Amino acid sequence: MNSTSPRRKLVSAAAAALALAGLLSACGESGSDDPKSTGPVTLDFWGWANGQEAVVKAFNASHKDVKLKYTKVTDQLTMQKQLTNAVKAGNAPCMLQNTGEYVTSWVSQGALADITKYVESSKDKFNTGSWATGQVQGKVYGVPTASAPAFTIYRTDIFKKYGLEAPATWDDFIAAGKKLKKHDIKITNYAGEDPSTLEVLAMQAGAHWYSVDGDAWKVNFEDEGSLKAAKVIQEIVDNDLNSKLSFADYAAVQRNYDNGGTATRQISTWQMSGMVQNFTKSFGDWALSPWPTFEGEAPKTPAGTNQSGNLTLVSEQCKHKEQAAEAALWMSTDTGAVKTMASPETGSGVMPALADSDSYVSEAISEKLLGKNYEPAKKVVTDSLGTVTTDWTFGPNWTAMFTEMQDEWAKVVSKKQKVTDLLAHMQEWTVNDLKQRGISVKG
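In this text, all values refer to a predicted model and were calculated from it rather than measured experimentally. (Residues numbered from 1 in each chain as written. Predicted model: local features only at pLDDT ≥ 70, side-chain atom pairs only at ≥ 80, totals over all residues. Heavy atoms only, no water.)

**Brief notes about the overall build of the chain**
Okay, step 1: Along the chain, the regular secondary structure elements total 19 helices and 15 strands.
Okay, step 2: Residues classed as buried in the chain amount to 58% of the 443 residues present.
Okay, step 3: Of the roughly 17,300 Å² that the chain leaves accessible, carbon and sulfur atoms contribute 49%. (Helix = DSSP H or I, 4+ residues; strand = E, 2+ residues; numbered from the N terminus. Buried < 20%, exposed > 50% of the residue type's maximum accessible area, 1.4 Å probe, protein only. Areas by Shrake-Rupley, 256 points an atom, 1.4 Å probe, with all protein chains shown as cover.)

See below:
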């Protein structure tokens, strides 16, 4: 979800340590400028976000020498698997959508092109934090497409019926969940394949799973912040306050919200588009409230759920890197393209990564979904952009780590282990995995 200058500086510390850790030794050079094509250049572009097809169509209509060929991937996690196979086969797409947490991993594998010389002159068009998400060791590998404010969306009709207020704290959230449980309504949904809930609560609580310590990576999945997040999640699971619907059946998840089976979500603007496009019954019954705080603490929102800043990346295997970088810039800065992607109706409801992204709040939230709660929602979104965490670092084996965590999270949701068991397992697994990769690590 992860925003303004303080919104996104999440990988800067990691970037500074990469040289010391020796991660980039296998990366190839980007080479000299791509030769100018004598005819139209076609660039493969992979992404999963709603609205991208319309943006590609607009790009192709306005460009003669460069054309984009769009392939829609199922989702973020599928992208990592398909890109792995494509890189190994030597047929990676020129351009691809991805999120900030995966950049360091892909750079360390030599999969991404350094596009600094093509895009650096445009950095002032973007907010500083979002621009940083595409950088590793001061080099730019991706053009940011989105910021991600974080907040709660909840069913006002259900809350009113049972005398509940929007939860201000996680204690309030759990208390509301216990009251709703008596009426066969869940307060939230934990998909067994998606441990991002633990990630973002740990991030909010001040955890640091990865950090840089001298010339080594430090790993700590059992710090105070992680345990604080674990306590909240464990109470929700132990008391059966959560639905357990998999996003593999996305329509079923949306029907559950629409029918009132689950009453809240902690989300960003981009996730609202799925609600708009799938609901039939509950339009106007939803409102936004700030992300719940930990008791006694100031407002603090995580840097994102799945979304530590969306990016358009350029692959190292691309033969036309300059054209790909310029196309990525166009998609993130063209007024029509930005508005298409910002709208929950035509795109993904993403907040732009532009320096003036606050001005797009009206575009990024749905009046159809929120009804009379639309105007108050604007302030919730804007305020959340000013409380985003800025000190989270994604480690060099994030992709592999997250895959391992998915299996452990499924055991938590099914009550086969505690959240603290998951954290202990991930501590040992991550340290061993980094050592096996030849990366200096403390933990």
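**Here we look at the packing of aromatic side chains**
Okay, step 1: Under the counting rule described, the total for this entry stands at 20 aromatic pairs.
Okay, step 2: With a centroid separation of 6.2 Å and an interplanar angle of 85 degrees, the aromatic rings of Y210 and W217 are classed as edge-to-face. Assigned by exposure class, Y210 and W217 land together as buried.
Okay, step 3: Considering the side-chain rings of W398 and F402, the 6.3 Å spacing of their centres and the 20 degrees angle between planes classify their relative orientation as stacked. Placement of the pair is W398 and F402 together in helix α18 (residues 398-413), with a separation of four residues, close to one helical turn. Here the two residues W398 and F402 agree in accessibility, since each one is buried.
Okay, step 4: Here K228 stacks its cationic end above the ring of F294, 5.3 Å away from the centre of that ring.
Okay, step 5: Over the face of the ring belonging to F283 we find K368, whose NZ or CZ atom lies 4.5 Å from the ring centre. (Phe/Tyr/Trp six-rings, centres within 6.5 Å; stacked < 30°, edge-to-face > 60°. Lys NZ or Arg CZ within 6 Å of the ring centre and 35° of its normal.)

**Regarding helix α13 (residues 321-333)**
Okay, step 1: With 13 residues, α13 extends 18 Å from end C-alpha to end C-alpha; this agrees with the ideal 18 Å at 1.5 Å per step.
Okay, step 2: Taking burial as the measure, the 13 residues of α13 include eleven buried ones, the bulk of the element.
Okay, step 3: If you check which residues of α13 are buried, you get K321, E322, Q323, A324, A325, A327, A328, L329, W330, M331 and S332. (Expected span 1.5 Å × (residues − 1).)

**A closer look at the layout of surface pockets**
Okay, step 1: Within this model, the second largest pocket holds a volume of roughly 230 Å³.
Okay, step 2: Lining of the second largest pocket is provided by 17 residues; of these, Q80, T84, T399, A400 and T403 occupy positions nearest its centre.
Okay, step 3: Where the lining of the second largest pocket is concerned, the elements lending two or more residues are α3 (76-89), α4 (103-108) and α18.
Okay, step 4: At six residues, the largest contribution of residues to the lining of the second largest pocket is made by α18.
Okay, step 5: Split by residue class, the lining of the second largest pocket holds seven nonpolar, eight polar and two charged.
Okay, step 6: Both domains that furnish three or more residues to the lining of the second largest pocket are identified here as domain 1 (41-147 + 306-364) and domain 2 (150-304 + 391-437). (1 Å grid on protein atoms, 1.4 Å probe; cavity = no way out; pocket = protein on both sides within 12 Å on 5 of 7 lines; lining within 4 Å. Points joined across faces, edges and corners; volume = space filled by probe spheres on them. Nonpolar A, V, L, I, M, F, W, Y, C, P; charged D, E, K, R; others polar. Domains from an automatic or database assignment.)

These results come straight from atomic positions and should not be treated as a statement about function.
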